[in-house]
Amino acid sequence: MRILLLTHYYAPEFGAPQRRWSALIERFIAAGHRVTVAAPVPHYPSGRPNSTQRRTHHVGGVEIGRHGETVLRTAYLPHLADIGTRTADHLVAAADSLWRLRRRFSRPGTRPDVVIATAPAIPTLMVGRALASLWDVPLVVEMRDAWPDLVTHVGPAGALVAEAVHAPPRNAARTSMRWAIALAKGMVHQQVTSWQSGAQAVVTTTDRFAEVLEERGVTEIDVVRNGTDLAAVTPRHDHLPGDHPELRCLYLGNMGRSQGLDTVVRAAAQLHREGVNLQVRLVGHGVEASTLAALAEELDAPVEVLPRIPHREVGAQYHWADTVVVSLRDWAPFQWTVPSKLYEMLATGRHITAMLDGEAADVVRAAGAGHVLPPQDVDALADLWRELAADRSQAGVRASGRAWVSDHADDDVLARRYLDILARVIRRTA
């Protein structure tokens, strides 16, 4: 098959979508398929390329990727962390990819057999639909997370209207703006659902989000989880008795509003005041990182906030930890979301402190991989870590997590499933 992937995030950037597609494409090409990727010049997460990326990658450049894939580099717009400039970046990259791909595949005999457009960059879906229609080839829409539900998760428009009507004059402008944003997000939600319904297949990463889309009238839905490469993740072993006196708790990943990591800081501070010996590391990046560091200092919490590290250094962090944290806020769309990092955690065998609900919580329970707590519950987290500090055996390594990944989320299994989906949609439209 000749496969075209449209994505806003791709190697050598590192992150969940980049890792997912690098793993899948490696296996697609090993199976004999040809892959072209259209992606902007690397500029994630800072919003602009670093010095090495500026020298190596150029707008309009055609590169050979790590696995033998062809990578067409499209334009980007330097951006900040806010949704406005990031959305503008998505639009610029999408428009440029549409123009460049039409030129590159102007001759019918060179065109792909299938187009995959992957969210959360919503304009990418629009480009995918346009190209698939122009070339008369099937479109596969991948919703890697519960998008656009996460960005449209606001109060009911009716409540905002009432607030705008009754707000004092000094707050009226602010409330009117919130109402306008809510309406705009609602329109995006409807449009994305329309694009999903028009695709030959929609791929989600969780069963529950697949059920949500089915309720909305989307019919051709497949589930291909995020996963991990078992061969590349070293299973951990229990720390020796007396190896270290403190309970070591690790969070590794994005530090955004979605994670609610202030709960971790507050629980650590509470236990520290009680005299419980523990150390917490938060490793990663995100808009909340500086706020979390300031909160830890204010509360005198035993919490280090460390910057993002290359993936090759992740194993050392897992080796350090007694328990690893995965956390999401108590928001409805997170009922349908499983953090991609969870599968890697399961593969290590480390005990998991899971502040989750919904499908992600079900995964931890099914794997017997740790303790599941209500999201954003400081007291429940403090109670658990107090118990683990008193009896470290409760945080012992669990082989069951790795076994669950082998059955449900190994990259080899996921790539075969994805290729079956692509072959099916091509056959149906031939």
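Residues numbered from 1 in each chain as written. Predicted model: local features only at pLDDT ≥ 70, side-chain atom pairs only at ≥ 80, totals over all residues. Heavy atoms only, no water.

**Topic: the overall build of the protein chain**
- What the protein chain contains, in helices and strands, is 15 helices and 14 strands.
- Looking at the protein chain as a whole, 52% of its 430 residues are labelled buried.
- Considering only contacts in the protein chain between residues 6 or more positions apart, those separated by 24 or more positions represent 72%.
- Carbon and sulfur atoms make up 53% of the accessible area of the protein chain, which amounts to about 19,000 Å² in all. (Helix = DSSP H or I, 4+ residues; strand = E, 2+ residues; numbered from the N terminus. Buried < 20%, exposed > 50% of the residue type's maximum accessible area, 1.4 Å probe, protein only. Contact = heavy atoms within 4.5 Å. Areas by Shrake-Rupley, 256 points an atom, 1.4 Å probe, with all protein chains shown as cover.)

**Description of the sheet that holds strand S12 (residues 323-327)**
- Spatially, S11-S10-S9-S12-S13-S14 is the arrangement adopted by the six strands of the open sheet, whose pairing is parallel. The open sheet has two edge strands with one neighbour each: strand S11 (303-306) and strand S14 (370-373). Strand-to-strand twist in this sheet, taken as the mean axis angle between neighbours without regard to direction, amounts to 20°.
- Where strand S10 (residues 278-285) and S11 come together, four bridges link them in parallel fashion. Looking at S11, one finds that Val280 is bridged to Val303. (Pairing = 2+ DSSP bridges. Axes fitted to C-alpha atoms, helices over the stretch in contact; angles between N-to-C directions.)

**Some thoughts on the packing of helix H8 (residues 262-274) against helix H13 (residues 378-390)**
- In contact at an axis separation of 9 Å, H8 and H13 are set at 55° when each is read in the N-to-C sense. Overall, the two elements H8 and H13 adopt an arrangement that is oblique. With respect to the hand of their crossing, H8 and H13 are arranged in right-handed fashion. In this structure, H8 uses Thr263, Val264, Arg266, Ala267, Gln270, Leu271 and Glu274 to contact H13, whose residues at the interface are Val378, Asp379, Leu381, Ala382, Trp385 and Arg386.
- When grouped by side-chain class, the residues that make up the contact of H8 with H13 number seven nonpolar, two polar and four charged. (Parallel < 35°, antiparallel > 145°, perpendicular 65-115°, else oblique. Left-handed = near helix turned anticlockwise from the far one by under 90°. Nonpolar A, V, L, I, M, F, W, Y, C, P; charged D, E, K, R; others polar.)

**Regarding the confidence of the model for the protein chain**
- In the predicted model, the protein chain carries a mean pLDDT of 88, and the fraction of residues at 70 or more is 87%.
- Across residues 154-170, confidence stays below pLDDT 50; counting only partners more than four residues off in sequence or on other chains, it has 15 contacts. (pLDDT = per-residue confidence, 0-100.)

**A word on the pairing of strand S1 (residues 2-6)**
- The element S1 is extensively covered by neighbouring structure, given that four of its five residues are classed as buried.
- As paired elements, S1 and strand S2 (residues 34-40) share five bridges and run parallel to each other. Bridge pairing in S2 links Leu5 to Val37.
- Each parallel crossover has a hand, and for S1 linked through helix H1 (residues 16-30) to S2 it is right-handed. (Right-handed = clockwise from strand over helix to strand, strands pointing away.)

**A short note on empty space enclosed by the protein**
- All told, the structure shown has three cavities of 30 Å³ or more when counted by the stated rule.
- Its volume calculated, the largest cavity comes out at about 100 Å³.
- Contributing to the lining of the largest cavity are 13 residues, with Thr7, Ala93, Ala94, Ser97 and Thr124 lying nearest its centre.
- For the lining of the largest cavity, the secondary-structure elements that each account for two or more residues are S2, helix H3 (83-104) and helix H4 (122-135).
- In terms of residue count, the dominant contributor to the lining of the largest cavity is H3 (four residues).
- Along the lines of polarity and charge, the residues of the lining of the largest cavity split into seven nonpolar, six polar and no charged.
- By volume, the second largest cavity amounts to about 50 Å³.
- Leu328, Arg329, Asp330, Trp331, Phe334, Gln335, Leu356, Asp357, Gly358 and Pro375 are the residues that line the second largest cavity.
- Its residues placed into classes, the lining of the second largest cavity shows five nonpolar, two polar and three charged. (1 Å grid on protein atoms, 1.4 Å probe; cavity = no way out; pocket = protein on both sides within 12 Å on 5 of 7 lines; lining within 4 Å. Points joined across faces, edges and corners; volume = space filled by probe spheres on them.)

**Some thoughts on the packing of aromatic side chains**
- Enumeration over the complete set of coordinates arrives at eight aromatic pairs.
- Here Tyr9 and Tyr44 contribute two aromatic rings whose centre-to-centre distance is 5.3 Å and whose plane-to-plane angle is 80°, an arrangement assigned as edge-to-face. In this pair, Tyr9 is assigned in the loop between S1 and H1 and Tyr44 in the loop between S2 and helix H2 (51-56), connecting sequence segments 35 residues apart.
- You can call Tyr9 buried: its relative accessible area is 11%.
- An aromatic cluster of three or more residues is present, and its members are Trp21, Phe28 and Tyr418.
- Over the face of the ring belonging to Trp320 we find Arg281, whose NZ or CZ atom lies 4.0 Å from the ring centre. (Phe/Tyr/Trp six-rings, centres within 6.5 Å; stacked < 30°, edge-to-face > 60°. Lys NZ or Arg CZ within 6 Å of the ring centre and 35° of its normal.)

**Notes on the side chain of Thr74**
- Within the fold, Thr74 resides in strand S4 (residues 70-74).
- What makes Thr74 buried here is its relative accessible area of 1%.
- For Thr74, the contacting residues outside a window of four places in its chain are Ala39, Pro40, Val41, Val59, Ala93, Asp96 and Ser97.

**Considerations on helix H14 (residues 399-408)**
- Where H14 is concerned, the buried positions are Gly401, Trp404 and Val405. One side of H14 carries all its buried residues, which in axial view fall inside an arc of 100°. Among the exposed residues of H14, those oriented more than 90 degrees off its buried face are Ala399 and Asp407.
- Where the residues of H14 are buried, they touch helix H11 (341-348) and helix H12 (358-367). (Arc of directions from axis to C-beta.)

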